[in-house]
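Residue-level listing of the chains:
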Amino acid sequence: MSQPRLVKDFLRLRLNAALEHEVCGLILLDSQHRLIDYLEPFRGTINQASVYPREIVKIALHRNALSVFLVHNHPSGLAEASPADIALTKHLKQALALVDVRLLDHFIVAGATVLSMAERGLF
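Student: What should I look at first to understand unusual backbone geometry in this one?
Tutor: Working note: non-glycine residues mostly have negative phi, and peptide bonds are mostly trans. Positive phi, close to 60°, is recorded for histidine 33, a residue that is not glycine. Accessibility expressed as a relative area gives 28% for histidine 33, which makes it partly exposed. Unusually for a residue other than glycine, asparagine 64 sits at a positive phi of about 60°. For asparagine 64, the location among the structural elements is in the loop between helix 2 (53-62) and strand 3 (67-73). Look at asparagine 64 and you get exposed, because its relative accessible area is 64%.

This is the structure in C-alpha cells:
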C-alpha cells in the first residue's frame, strides 16, 4: 500500500460497481505502510453513509495503526468529492492527528474510476 496506484487497484476490486449502497472503509497501515487491515465499518444507502470520526479513531487505536486511508464508493458512478466528503475528511484528519495517526488520503470509488482527494488537494 505504498503507492497510490496499488491502493487504487485494490479499491477497484473491493468496492466494485455492483454495490447499490455506499460503503465507507478504512485501510489501516503500520509504520512501514504495510497493511494491518481493511475494514468496512459504515454502510449507508444509495447516496449517503453516516461516518463517525470517533469510531474511526477508536478503530485506528485498537489496531495500532500509524496511518489510515479513508475510502468510500459512489454507486452513482460520479467520482467527485461532495462538500460533505471534504468537510468529513478535514474533520477526520484533525481528530486522528490528536492521537498521532495520519490520514494519508480519502479515496472515492465510482466504477473503474478512483479519485484521490490528496492528489486533488482537497484536504
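So much for the structure itself; the text now carries on.
Student: Could you clarify how one ought to interpret the sheet that holds strand 1 (residues 23-29) in this entry?
Tutor: Where strands meet in a sheet, backbone hydrogen bonds hold them as pairs that are either parallel or antiparallel. Taken together, five strands build an open sheet; the order of strands is 2-1-3-4-5 and the sheet is mixed. Two strands close off the open sheet at either side, each with one partner strand: strand 2 (35-43) and strand 5 (113-116). Pairs of neighbouring strands in the sheet enclose a mean axial angle of 20°, with direction left out of account. Docked against the sheet, helix 3 (residues 83-97) engages strand 3 and strand 4 (102-110), running at close to 155° with respect to strand 4.

Student: What am I meant to see in the packing of aromatic side chains here?
Tutor: In this description, a pair of aromatic rings is defined by centroid distance and the angle of the planes. Taken as a whole, this structure holds three aromatic pairs when the rule is applied. Judged by centre distance (5.3 Å) and plane angle (80°), the ring pair of phenylalanine 10 and tyrosine 38 falls under edge-to-face. With phenylalanine 10 in helix 1 (residues 4-14) and tyrosine 38 in strand 2, this pair connects stretches of sequence that are 28 residues apart. Judged by relative accessible area, phenylalanine 10 falls into the partly exposed class, the value being 26%.

Parameters and conventions
- Residues numbered from 1 in each chain as written.
- Predicted model: local features only at pLDDT ≥ 70, side-chain atom pairs only at ≥ 80, totals over all residues.
- Heavy atoms only, no water.
- Buried < 20%, exposed > 50% of the residue type's maximum accessible area, 1.4 Å probe, protein only.
- Helix = DSSP H or I, 4+ residues; strand = E, 2+ residues; numbered from the N terminus.
- Pairing = 2+ DSSP bridges.
- Axes fitted to C-alpha atoms, helices over the stretch in contact; angles between N-to-C directions.
- Contact = heavy atoms within 4.5 Å.
- Phe/Tyr/Trp six-rings, centres within 6.5 Å; stacked < 30°, edge-to-face > 60°.

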